[in-house]
Amino acid sequence: MIITKQKNLEEILRVLGNGPVFLIGCSECATLCHTGGKDEIGAMKEALEKRKIPVSGCIILDPACHLNNNKRMLKEYSKEIDRSDKILVFACGNGVQTVAELFAEKEILTGTDTLFLGEISRGNEFDKRCMLCGECLLDIFGGFCPVTRCPKSMLNGPCGGSSGGKCEISSEMECVWDRIYQQLKNKGKLQVIDVIQKPKDWSKAVEMKRRV
Ligand code: SF4
Ligand code: SF4
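The structure reproduced in this document is the subject of the present report. (Residues numbered from 1 in each chain as written. Chains lettered and ligands numbered in written order. Predicted model: local features only at pLDDT ≥ 70, side-chain atom pairs only at ≥ 80, totals over all residues.)

**Thoughts on the site of ligand 1**
The criterion, for reference: To decide nearness, the C-beta atom of each residue is placed from the backbone, and the residue is near a molecule or strand if that atom lies within 6 Å of it. For this classification, Asp, Glu, Lys and Arg are treated as charged, while Ala, Val, Leu, Ile, Met, Phe, Trp, Tyr, Cys and Pro are nonpolar and the rest, including Gly, are polar.
For ligand 1, the full set of nearby residues is Cys 130, Met 131, Leu 132, Cys 133, Cys 136, Leu 137, Leu 138, Cys 145, Val 147 and Thr 148. The class makeup of the residues in the shell around ligand 1 is nine nonpolar, one polar and no charged.

Next up, the structure:
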């Protein structure tokens, strides 16, 4: 899932000016992150109107990153969208750009910051799990990603700074190499990490298009 956080209201107001504005949310990741679902869009509408900023309409796209679906859903809101020069989108960076494709003449604003690809670890907690490197190494590392979960992206063992299973960069973080070691040891596969990993080929992370 793509993890986002909502920008604070002051920041949004600063770029928004006087409006009017049309609001867009997303039914998928932004809804699960509580950054761009029905409740958040409703709350934003209320907050803006309280400050005398007109909201010409709002919609939750299903999801915001689906270009053709967006075209179909937004057609029904053409009058409301026409009444506003600004569209404020609460979705991941991908969703915001998908909306921007459709409205070259409008000012597209984003109400969210996109953080990472992660898992829902508990109710409202999200943990970073993948950096979309384009060449997945999880089968080597027992299902734990050192590229993402080690701040130094160490591929050939720990940096030597961990203590009590915690990372030297932040004691709130586990050292992922501790997890990798334990996992491989439990499975009797420690020999896997004897093989020296070459530096990652980051050119594989720059694929700009894929067709299925
Ligand atoms: S190795 Fe690459 S693709 Fe696999 S989880 Fe880590 S960052 Fe993501
Ligand atoms: S302590 Fe572990 S997780 Fe932290 S930087 Fe070093 S190897 Fe990476």
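**What about unusual backbone geometry?**
We apply this condition: Strands here are runs of E lasting at least two residues and helices are runs of H or I lasting at least four, both read from the DSSP assignment and numbered beginning at the N terminus. Residues with at least 20 neighbouring C-beta atoms inside 10 Å of their own are called buried, those with 12 or fewer are called exposed, and the rest are partly exposed, where every C-beta is derived from the backbone.
Cis geometry marks the peptide bond from Gly 19 to Pro 20, where omega comes out at 0°. Examined against the element boundaries, Pro 20 turns out to sit in the loop between α1 (9-16) and β2 (21-26). Following Asp 62, the chain continues into Pro 63 via a peptide bond in cis, with omega recorded as -10°. Note on placement: Pro 63 falls in the loop between β3 (55-61) and α4 (67-75). Its identity is not glycine, yet Leu 132 carries a phi of approximately 55°, on the positive side. Among the secondary structure elements, Leu 132 is positioned in the loop between β7 (125-130) and α7 (146-149). Using a count of 11 C-beta atoms within 10 Å as the deciding quantity, one classes Leu 132 as exposed. Even without being glycine, Ser 153 reaches a positive phi, approximately 50°.

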